[in-house]
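Residue-level listing of the chains:
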4 protein chains.
Amino acid sequence: MLHLDSDYMAGACPEVLAALTATNLDRTTGYGTDSYCDRARELILDACFPEGGRARSDARVYFLVGGTQTNSTVIAGMLRPHEGVIAAATGHIAVHESGAVEATGHKVLTLPAVDGKITASAVAALIAEFKGDPSRDHTVAPGMVYISQPTEYGTLYSLDELKAISKVCREAGIPLFVDGARLAYALASKANDVTLPDLARLADVFYIGGTKCGALMGEAVVITDPSILRHFTPLIKQRGGLLAKGRLLGLQFEALFTDGLYERIGASADRLAALLASALRERGYREVVASPTNQIFFEIPNEDLDRLGKVATFETWGVPGDHYTAVRFVTDWALTEADLAPLLDFLRK
Amino acid sequence: MLHLDSDYMAGACPEVLAALTATNLDRTTGYGTDSYCDRARELILDACFPEGGRARSDARVYFLVGGTQTNSTVIAGMLRPHEGVIAAATGHIAVHESGAVEATGHKVLTLPAVDGKITASAVAALIAEFKGDPSRDHTVAPGMVYISQPTEYGTLYSLDELKAISKVCREAGIPLFVDGARLAYALASKANDVTLPDLARLADVFYIGGTKCGALMGEAVVITDPSILRHFTPLIKQRGGLLAKGRLLGLQFEALFTDGLYERIGASADRLAALLASALRERGYREVVASPTNQIFFEIPNEDLDRLGKVATFETWGVPGDHYTAVRFVTDWALTEADLAPLLDFLRK
Amino acid sequence: MLHLDSDYMAGACPEVLAALTATNLDRTTGYGTDSYCDRARELILDACFPEGGRARSDARVYFLVGGTQTNSTVIAGMLRPHEGVIAAATGHIAVHESGAVEATGHKVLTLPAVDGKITASAVAALIAEFKGDPSRDHTVAPGMVYISQPTEYGTLYSLDELKAISKVCREAGIPLFVDGARLAYALASKANDVTLPDLARLADVFYIGGTKCGALMGEAVVITDPSILRHFTPLIKQRGGLLAKGRLLGLQFEALFTDGLYERIGASADRLAALLASALRERGYREVVASPTNQIFFEIPNEDLDRLGKVATFETWGVPGDHYTAVRFVTDWALTEADLAPLLDFLRK
Amino acid sequence: MLHLDSDYMAGACPEVLAALTATNLDRTTGYGTDSYCDRARELILDACFPEGGRARSDARVYFLVGGTQTNSTVIAGMLRPHEGVIAAATGHIAVHESGAVEATGHKVLTLPAVDGKITASAVAALIAEFKGDPSRDHTVAPGMVYISQPTEYGTLYSLDELKAISKVCREAGIPLFVDGARLAYALASKANDVTLPDLARLADVFYIGGTKCGALMGEAVVITDPSILRHFTPLIKQRGGLLAKGRLLGLQFEALFTDGLYERIGASADRLAALLASALRERGYREVVASPTNQIFFEIPNEDLDRLGKVATFETWGVPGDHYTAVRFVTDWALTEADLAPLLDFLRK
């Protein structure tokens, strides 16, 4: 059986596991204060700030265990008590984190999303409406913007779109935070024109996902201006994201950022997703969202669901319809073309 | 150099790492819904409820990533908004979790501790004082009791002490939660008379520590009565403790609870700690706390600190004195007698 | 100048002020433990449970200072940490309380509103969708329903609508909370068929607004089943709503619930609002929402705004349009027909 | 019967009530945006900054309804998420506000108190210990200092003591917040040498209590540097402290700060407390704390308690002893020497 439910179904990619195994009996200090974490930080900063300089020396990298935790810890750390975070109505923080942001005391201010994305103009309009509201002291202030790259629908913000959102944020004096839980699949996508240095320049905080991109677990938060998230380590500790054996996170990111592994992982998964999407399209299934990354979304006629379910597992997306059901297929680093073959054969029959 | 700073300095014990490696390419569903987690739950329940029956079938096991997270998630889940948690003034939640409990909205009601422990009578007195207070609506209500086994000072609650605290809690109608971050070292201690079934019978919730006891990370929460912590999974998610690749936690606990590994780990570390304590005592150093587990505390004359520091690393405990400094030495599963030899030799010189 | 901005522009109605003045030098215990509060509680219970019996003896009445505080204190007291509150997207808690509900850690789950109201079927659908969601542990659970009577748009739930919502809530096992900040204007409306006993029977918690209905300040919370909001007094204290001189609230509600004053206040304001609405309609202005209570909403041609603004003050509602601007006129207990005459004359010119 | 339980037993002093009555039918905008509030702000700033200048124009005054609310709103507004507030173990926020500070997510870091007071050196030591702690990222950071003037035991910080605490705070870069719930009784005390201008110069935020000092309710927060509590109005709203009919607070403080009423109130109560204290001392009762303000604390032999209780009501303080019970007597603005006579006679018999 082929499992395409998500990109966190297998363990870690071999290079990552090898690094953990090779260093298993080393003894280091905890909580990310070890030299593996330091090396991983350097590699990440190299990738984000290839030109070095002040931007690189100002930036900080922190490791947390998981994505929900990373989102709520960053957001709680950046907002003042009266502020909320702007996000797509389909954003992960708005729908799939069990109210983690609200549990830190802040509202998620949702904007309608198209294919998982929000627009700079919608962000600007919300901010303008707030500023123009005579009763704005009674309204949650927009205090930051959250977007995902790629989005929860596999789509990508273009460099122009990202620049526009960044510009709106800077003009309004509020930070931009990019959730990169699946960033490998964005960076490697043929449709992508946003590089790590672009993110580092245009976002104030973003994270490079490990859990869904080849690591056992772990997310690397990059803060481009440390003044906007001072005292982040105690906050990570307080919110439960500070791994005691912190080096495990450093080691994994060191492996992922060595020899281009991170983008290689992404490229392989994106290629297989594109292969599968072609076969689904050829079969006549409607693509719900045109996704250029490792998550693809198709409407399957209900009468085909069972037969398809005998070859592969996948998630239904939203409420099933009377005749069609939207489903999501996800590829990852561990999947090979051989793994996919039975499904492709089935679809071509 | 010998590192005795803590019990989270090495990776995972070989059996645990082997289990992760062997299953690395398996594909399972996430968030603890996989069969590895199920098996680990069964093994833990077998150990806690060897006689089976209703107590076993009522109990639930959940896996979280780390200890701070586990404490704040359990506590936030069990308290009503007007309640606080009773703990030793030296308890981990009171001093070393960056205010994680308060961040969920609850006060830690501290009691003076002797060697890290609180007494049933002190708990009873605090509850009685609250109930007798005419202005108790203006006072934080004691809503649960938190203790650590072993304590942060390596000491153990005896079975009689635990029974007495449990009795006070049940009479007051408030739950007892036991933090077992280092439980392996308690269970294996020669001084211990509290078994897992005792904990399961006397506590309402407790956790079996993995991070400090041979796993890469992970804590197994045992809830003996599911009605006192309903809907715990969304809470774990909300607080950031729900590992996406949840099976990693199940796999590790499966290994730890196979063939007595968990207690073996504890026994080895406890034995080495006792060896070291003997040498320190023979050297004439004063033992700050008589600890029968893997953490030992000694006062070192300040003039010896530097020389000792050339052989081993360790933590200072509290504020250094003018002539003596209290330090903590911690052993763990990864340490061997051979590792310890240079330090023992040094002390005997 | 006539001020129609809101219903909290004047002080207290004369009977209320007289009660405060007459008792000013009395000395009573604080925090609502005095005999004035007890009497007010009895009067309110009489009005809510005219038939007495078990329902009356089970119910509890608490006094808080203001509405935002009342909403967040009730909601925080009733929800478990993983739950959110269902409300209209236009509900006061969703838009005009500065994120007070989120500040207590809970999400407001909004439903689209028509004229400020939500429907039983929309509530049922949201609950069903949640229960049917395979990833519901990652989603905020609907834990209660919040509605306003009258709504923020002056409209009323009919008895049938309220019954239907109550039925959905009870079938789902979640409580219904009714915000009655302006309840006097609902109870007195000719269009209303929901009585206080209906509210007491169909809601689990509701409050009777004082601040906007003739008192200096104060809201009376009625809890029909004390088991759903145990330990409410410490919560009121913790959230800052427990007035030290608590009798001031009791005294005011005693006055409001003596000789039908509360409904008389509402009837007077509703009648004047209807008078004004007629004149606005006759003038040809479009009614935005057909409101039968003391808030009315009309679209004013932008060229008329200035001239109108010379006779009366009022609030603009939402973002002004290119040609028309929606505005709100609010009447209250203190307004007389004579006060309104200049505006009516102006409109009829 | 004479009631000496507290200083919030009567309504408002006549001048305050007269102001409310005289303006009752005025119609003003809400939430403190009216001209009465503006005037009260000016009067308070005049009293705090008699020399005017930059200090006066920088300062801001806000009105809230009650003390618990004021404390938690100020504290939540000033602390970063990883910080706590230093307070006396006997401080109101530490013991009598139902965990209101913790409910906003912050720990109260308690210091031992002598007669309700903490010392500059103890504050400095706590800060130094934190800064020197190698695991300070796991410890709650001291983020501000809270003291009460007068304290919960009626005692006063001298100007020298206040200067010393202020100096420690400024050197550490953390703000000093003074709870002045009973400030009138401090300002008027013969033992006092701390003026309003001293407070305004030495504290960063403080409040001038109304509820316990002659108003129906209300506290006036003075922020000397608006940059340390930006966006305070939405926070007041969010925490439920923004009175809809905000002018009621302005009006009361306008009356209290006209013709020296505020200090007159304090002086009268202090004088009567001193009278009573003399009589109690003459009777041979032991004074528990030497308080120069309106709260006095004496140990009463248990055999006298009943007879005393027939003449006056008062609060027991702490747990009754076997032979003696500590009690508190509180005087206020409403009390006259004639009221006190029967008790004085009784004591002198």
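Provided above is the structure to which this section pertains.
Described in the following lines is the structure provided in the data block. Just so it is clear, the structure is predicted and the values come from calculations on it, not from any experiment.

All names here are of chain D. Contact pair helix α1 (residues 14-22) / helix α12 (residues 247-256): the axes reach a minimum separation of 9 Å and the direction vectors enclose 140°. Overall, the two elements α1 and α12 adopt an arrangement that is oblique. Crossing geometry of α1 relative to α12 is assigned as right-handed. Touching Glu15, Val16, Ala19 and Leu20 of α1 are Leu248, Leu251, Gln252, Ala255 and Leu256, all from α12. Each residue belonging to the contact of α1 with α12 can be placed in one class, and the counts come to seven nonpolar, one polar and one charged.

The next point concerns the pattern of salt bridges. Residues and elements named next belong to chain A. In total, this model carries 76 salt bridges over all chains according to the counting rule given. The partner of Arg56 in a salt bridge is Glu42, with the nearest N and O atoms 3.0 Å apart. Of the two residues, Arg56 sits in helix α3 (residues 53-58) while Glu42 sits in helix α2 (residues 35-48), which places them 14 residues apart along the sequence. Taking the relative accessible area as the measure of exposure, Arg56 reaches 17% and is therefore buried.

It is common to give the size of an interface as the accessible area lost on bringing the parts into contact. At the junction of the two partners, chain A supplies 19 residues and chain C supplies 19 residues. Interface of chain A and chain C: buried area, both sides summed, is about 1400 Å²; carbon and sulfur atoms make up 45% of it. When the buried surface of chain A facing chain C is broken down by residue, A:Ser98, A:Glu102 and A:Lys107 rank first, second and third, together holding 35% of it. At the junction of chain A with chain C, the criterion picks out two salt bridges.

Attention now moves to the side chain of B:Lys237. Within the fold, B:Lys237 resides in helix α11 (residues 232-238). Buried B:Lys237, no salt bridge; nearest opposite-charge side chain is A:Glu97, N-O distance 5.7 Å. Leaving out residues up to four positions away in the same chain, B:Lys237 has contacts with A:Thr68, A:His92, A:His96, A:Glu97, A:Ser98, B:Tyr31, B:Leu242, C:Asp137 and C:His138.

Of the residues lining the interface, 47 residues belong to chain A; the matching set on chain B comes to 47 residues. Inspection of the chain A/chain B interface yields two salt bridges. Summed over the shared surface of chain A and chain B, the result is 28 residue pairs in polar contact (both at pLDDT 80 or more). Listing elements by their share of the side of chain A that touches chain B, those giving two or more residues are α1 (14-22), α4 (67-78), α6 (100-103), α11 (232-238) and α12 (247-256) of chain A. Take the side of chain A that touches chain B: its biggest share by element is three residues, from α11(A).

Turning to empty space enclosed by the protein, a few remarks are in order. Where empty space is left in the structure can be found by rolling a water-sized probe over the atoms. For the structure on display, the rule yields 15 cavities of 30 Å³ or more. Computed from the structure, the largest cavity encloses a volume of approximately 680 Å³. For the lining of the largest cavity, the per-class residue count stands at 16 nonpolar, 16 polar and eight charged.

Our next topic: the pairing of strand β6 (residues 176-180) of chain A. Residue and element names in this part refer to chain A. In terms of burial, β6 is a largely internal element, five of the five residues being buried. Side-chain alternation along β6 places Leu176, Val178 and Gly180 on one buried face and Phe177 and Asp179 on a second face that is also buried. Alignment of strand β5 (residues 141-148) against β6, held across four bridges, turns out to be parallel. The residue of β6 that forms the bridge with Ile147 is Val178. Where the polypeptide runs from β5 across helix α8 (residues 159-172) and back to β6, its parallel neighbour, the crossover connection is right-handed.

Quick look at the relation of the copies chain A and chain C now. Of the transformation placing chain A onto chain C, the axial shift is 0.0 Å and the rotation is 180°, giving an RMSD of 0.0 Å. Those values place the two copies in the arrangement expected of a two-fold rotation axis. A shared interface surface links the copies, since 100% of the contact residues of chain A are contact residues in chain C too.

For the rest of this paragraph, the subject is unusual backbone geometry. The omega angle of the peptide bond from C:Gln149 to C:Pro150 is -5°, so this bond is cis rather than trans. With respect to the secondary-structure elements, C:Pro150 resides in the loop between β5 (141-148) and α8 (159-172). Of note in this structure, D:His231 is not a glycine but carries a positive phi near 55°. Assignment of secondary structure puts D:His231 in the loop between β8 (219-223) and α11 (232-238).

Residues and elements named next belong to chain A. It is the contact of α2 with α12, at a shortest axis distance of 7 Å, that shows an interaxial angle of 40°. α2 and α12 meet at a crossing whose hand is left-handed. Listed contacts from α12 to Tyr36, Cys37, Arg39, Ala40, Leu43 and Ile44 of α2 are Arg247, Gly250, Leu251, Phe253 and Glu254.

Here we come to the relation of the copies chain A and chain B. Once turned by 180° and shifted 0.0 Å along the axis, chain A lies on chain B with an RMSD of 0.0 Å. Looking at the interface residues of chain A, 100% of them are also at the interface in chain B, so both copies use one shared face.

Quick look at the sheet that holds strand β10 (residues 295-301) of chain C now. Working definition: the strands of a sheet are paired by backbone hydrogen bonds and lie parallel or antiparallel to each other. Residue and element names in this part refer to chain C. Spatial strand order, β9-β10-β13-β12: four strands in an open sheet with antiparallel pairing. Edge positions in the sheet fall to β9 (286-289) and β12 (315-316), since each of these pairs with one other strand and no more. Of the strand pairs in this sheet, β12 and strand β13 (residues 324-330) are connected by two bridges, and their pairing is antiparallel. Within β13, the residue paired with Glu315 across the bridge is Arg328.

Residues and elements named next belong to chain A. Summed over all chains, the structure comprises 40 aromatic pairs over all chains. Here Tyr153 and Phe297 contribute two aromatic rings whose centre-to-centre distance is 5.4 Å and whose plane-to-plane angle is 35°, an arrangement assigned as tilted. Residue Tyr153 is located in the loop between β5 and α8, and its partner Phe297 is located in strand β10 (residues 295-301); the two are separated by 144 residues in the primary sequence. Overall, the relative accessible area of 1% leaves Phe297 in the buried class. Members of the aromatic cluster, each reached through a chain of ring pairs, are Tyr146, Phe177 and Tyr207. Seen from the ring of Tyr157, Lys117 lies directly overhead, with NZ or CZ sitting 5.6 Å from the centre.

Turning to the sheet that holds strand β8 (residues 219-223) of chain B, a few remarks are in order. Residue and element names in this part refer to chain B. Strands sit in the order β2-β8-β7-β6-β5-β3-β4 across an open sheet of seven strands; the sheet is mixed. Because the sheet does not close on itself, it has two edges, and the strands there are β2 (60-64) and β4 (108-111). For this sheet the average axis-to-axis angle between neighbouring strands, irrespective of direction, equals 25°. Pairing geometry for strand β6 (residues 176-180) and strand β7 (residues 205-209), over four bridges, is parallel. Residue Gly180 lies in a different strand from β7, and its bridge partner there is Ile208.

About the thresholds
Residues numbered from 1 in each chain as written. Chains lettered and ligands numbered in written order. Predicted model: local features only at pLDDT ≥ 70, side-chain atom pairs only at ≥ 80, totals over all residues. Heavy atoms only, no water. Axes fitted to C-alpha atoms, helices over the stretch in contact; angles between N-to-C directions. Helix = DSSP H or I, 4+ residues; strand = E, 2+ residues; numbered from the N terminus. Parallel < 35°, antiparallel > 145°, perpendicular 65-115°, else oblique. Left-handed = near helix turned anticlockwise from the far one by under 90°. Contact = heavy atoms within 4.5 Å. Nonpolar A, V, L, I, M, F, W, Y, C, P; charged D, E, K, R; others polar. Salt bridge = Lys/Arg side-chain N within 4 Å of Asp/Glu carboxyl O. Buried < 20%, exposed > 50% of the residue type's maximum accessible area, 1.4 Å probe, protein only. Buried area = accessible area lost by both parts, 1.4 Å probe. Lys, Arg positive; Asp, Glu negative; His and termini not counted. Polar contact = N/O pair within 3.5 Å; in protein donor to acceptor, adjacent residues only side chain to side chain. 1 Å grid on protein atoms, 1.4 Å probe; cavity = no way out; pocket = protein on both sides within 12 Å on 5 of 7 lines; lining within 4 Å. Points joined across faces, edges and corners; volume = space filled by probe spheres on them. Pairing = 2+ DSSP bridges. Right-handed = clockwise from strand over helix to strand, strands pointing away. Least-squares fit on C-alpha atoms with pLDDT ≥ 70 in both. Phe/Tyr/Trp six-rings, centres within 6.5 Å; stacked < 30°, edge-to-face > 60°. Lys NZ or Arg CZ within 6 Å of the ring centre and 35° of its normal.

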